[in-house]
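Breakdown of the fold
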Amino acid sequence: MTAGPEARAVLRGRVVELVAGATDGEVTEAEILASGGSLTALGVTSLAFLRLIDTVEEEFGVILDLDGPFRLLDDLDGLVDHIGELTAGGGDHG
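Summary of the structure given here. (Residues numbered from 1 in each chain as written. Predicted model: local features only at pLDDT ≥ 70, side-chain atom pairs only at ≥ 80, totals over all residues. Heavy atoms only, no water.)

**Some points on the pattern of salt bridges**
In the structure shown here, the tally under the stated rule is 6 salt bridges. Here Arg8 and Asp77 are joined by a salt bridge, their closest N and O atoms 3.3 Å apart. Linking Arg8 in helix H1 (residues 5-22) with Asp77 in helix H6 (residues 76-88), this pair joins segments that are 69 residues apart in sequence. Under the relative-accessibility criterion, Arg8 is labelled partly exposed at 26%. By relative accessible area, Asp77 is classed as partly exposed at 27%. Note that Asp81 is salt-bridged to Arg8, the shortest N-O span being 2.9 Å. Highlighted residues: Asp81 in helix H6 and Arg8 in helix H1, separated in sequence by 73 residues. We classify Asp81 as partly exposed; its relative accessible area is 37%. It is possible to trace a salt-bridge network through shared partners that takes in Arg8, Arg12, Asp77 and Asp81. (Salt bridge = Lys/Arg side-chain N within 4 Å of Asp/Glu carboxyl O. Helix = DSSP H or I, 4+ residues; strand = E, 2+ residues; numbered from the N terminus. Buried < 20%, exposed > 50% of the residue type's maximum accessible area, 1.4 Å probe, protein only.)

Structure follows, in structure tokens:
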């Protein structure tokens, strides 16, 4: 089951806010939305990724598998889709 376009847009907007927050504003929401590519290339540091992972796990009640493909975390849309998949099933995601 996948979220509809409206739900995905809301989720995407929230993830953009979380990424910007994890970087303490060093990478802005506008930059994230305009990039369409790698968050690392935008300047999201390893510390910011750890903050982001913690925040996403806490806010959405999911576990992000750090042993999985890194592209799921490094790409905005990949991350949004991954969170959407994890939250679509309800229940334990670990």
